[in-house]
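Secondary and tertiary structure notes
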Amino acid sequence: MELTPPGPRGIPPLFARLVDDSALFPPGEASMPEALRAHFETKAGEHAGVLGVFLCQASRLPELITELIKVKPKQPLPLSLIIDTGLGGVPKAISIVESRGELLALRMVEMPAPSDVDEVWLERVSEFVPEDVIRVVEPRRGVGWLDGVRKVIEHGSWPKIRCGGLSSENFPSVDEVADFLSVVSASSGASFKATNSLHRAVRHTAEGSGVVHHGFLNLLVASARCLSGGDVRGALEETDGESLAKEAKALSDDAAKAVRALFGSYAAASFAEPVADLAELKLL
C-alpha cells in the first residue's frame, strides 16, 4: 500500500505525508476536540501535503467517534490505530473503525511487540489486521533487538524505531539507529516508521535537559545514504542544517521516492515545528 503519494500544492516528494499527527500523545497530550480542530485546520492549510494520518489509541475510539460526529468531516479521517488494549483487543477496535466508514478510514495499525518477538504473535497480528492496512510493530530495544526487527519485516509489517521519550534511556544511540537502518534497507521492499522526540529537523541538544535529540532530516538523509552506500552515521551525527538541506535538495524525485519507500513516516506531537524548520531551511 503506497502511503506517500506526491503531496498537493507542490510539496516535494521527500516530505509528502511525512508527519503523522500524534497530538493526543505526550508531550502535547491535547484534548480530543483540540487535536481534531488543529488537524483539520492543517489539512486546509498551505502545507497540508506534509500531513499524514491521525493517531488515536484504541481505548479512545468512542471519544474520537463522538467528536467526529460533531465535526461532520467532508471525508473520512485517515487513521492510525494505536493498540493500547493488547493484541486481543485488535479485532474489536478494527470492527469499530470499519463500522464508521463515513467518519474513519483505517490506514495503519501500530502496536508494541512483546519482549520476545514471537512468531506466533506476529502471525496473529497478520490475521487480525486487514491486508490493505499497514501493520507497524515496535520491537523493544535491547539484547536481540535487531533479530526482532528482522522478524517483523519477514512477517510483512513495518518495524518502528522510538527515537526519544521522557527519559534519556529512550533515546537510541547513533550506532543503534544506523544498525536499524542497515537491517531495514537490506530487506527488499521493507519500510519503517519512527516516533517520539523528532520535533525538529536537525540533530540538536535540548535546552534544559541537555539530551541530544535526533532530527528527522538527519533520518531522511541517512536513509538516502543507506540506499546509495554513503556514510549513514555521519548523516545521523550532522548538526549543520544547511548541509543536510543541500543534500536533501540534490536528491532526484526518484531518489526521494525511494527514500520515502524506506522511511514511511514519523509521528510528531507538533506539526508547526517540523514545518517551520523545513521552511527555514528552504525545503518547502
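These figures come from a predicted structure and were not determined experimentally.

Rules and cut-offs
- Residues numbered from 1 in each chain as written.
- Predicted model: local features only at pLDDT ≥ 70, side-chain atom pairs only at ≥ 80, totals over all residues.
- Heavy atoms only, no water.
- Axes fitted to C-alpha atoms, helices over the stretch in contact; angles between N-to-C directions.
- Helix = DSSP H or I, 4+ residues; strand = E, 2+ residues; numbered from the N terminus.
- Parallel < 35°, antiparallel > 145°, perpendicular 65-115°, else oblique.
- Left-handed = near helix turned anticlockwise from the far one by under 90°.
- Contact = heavy atoms within 4.5 Å.
- Nonpolar A, V, L, I, M, F, W, Y, C, P; charged D, E, K, R; others polar.
- Phe/Tyr/Trp six-rings, centres within 6.5 Å; stacked < 30°, edge-to-face > 60°.
- Buried < 20%, exposed > 50% of the residue type's maximum accessible area, 1.4 Å probe, protein only.
- 1 Å grid on protein atoms, 1.4 Å probe; cavity = no way out; pocket = protein on both sides within 12 Å on 5 of 7 lines; lining within 4 Å.
- Points joined across faces, edges and corners; volume = space filled by probe spheres on them.

**Side note on the packing of helix H7 (residues 216–228) against helix H9 (residues 241–249)**
Two elements in contact, H7 and H9, have axes whose closest approach is 10 Å; the angle formed by their N-to-C orientations is 45 degrees. By the angle between their axes, H7 is oblique relative to H9. Classified by chirality, the crossing of H9 by H7 is left-handed. Where H7 abuts H9, its residues Leu217, Asn218, Val221 and Arg225 lie against Gly241, Leu244, Ala245, Glu247 and Ala248. Class assignment of the residues belonging to the contact of H7 with H9 gives a composition of 5 nonpolar, 2 polar and 2 charged.

**Some remarks on the packing of aromatic side chains**
One pass over the full model with this rule turns up 4 aromatic pairs. Each ring, one from Phe192 and one from Phe263, has its centre 4.9 Å from the other, and the planes form 10 degrees; the classification is stacked. With Phe192 in strand E7 (residues 192–195) and Phe263 in strand E10 (residues 263–268), this residue pair connects regions lying 71 residues apart in the sequence. Each member of the pair Phe192 and Phe263 is classed as buried. Here Phe216 and Tyr266 contribute two aromatic rings whose centre-to-centre distance is 5.1 Å and whose plane-to-plane angle is 20 degrees, an arrangement assigned as stacked. Separated by 50 residues along the polypeptide, Phe216 in helix H7 and Tyr266 in strand E10 bring together distant segments of the chain. When sorted by exposure, Phe216 lands in the same class as Tyr266, which is buried.

**Some details on the layout of surface pockets**
Of the voids in this model, the largest pocket is the one considered here, and its volume is about 780 Å³. Around the largest pocket, the lining is made up of 33 residues, and of these Glu138, Arg162, Gly164, Thr195 and Asn196 lie nearest the centre. Broken down by secondary-structure element, the contributors of at least two residues to the lining of the largest pocket are strand E2 (51–57), strand E4 (104–112), strand E6 (158–162) and E10. In terms of residue class, the lining of the largest pocket is made up of 16 nonpolar, 9 polar and 8 charged.

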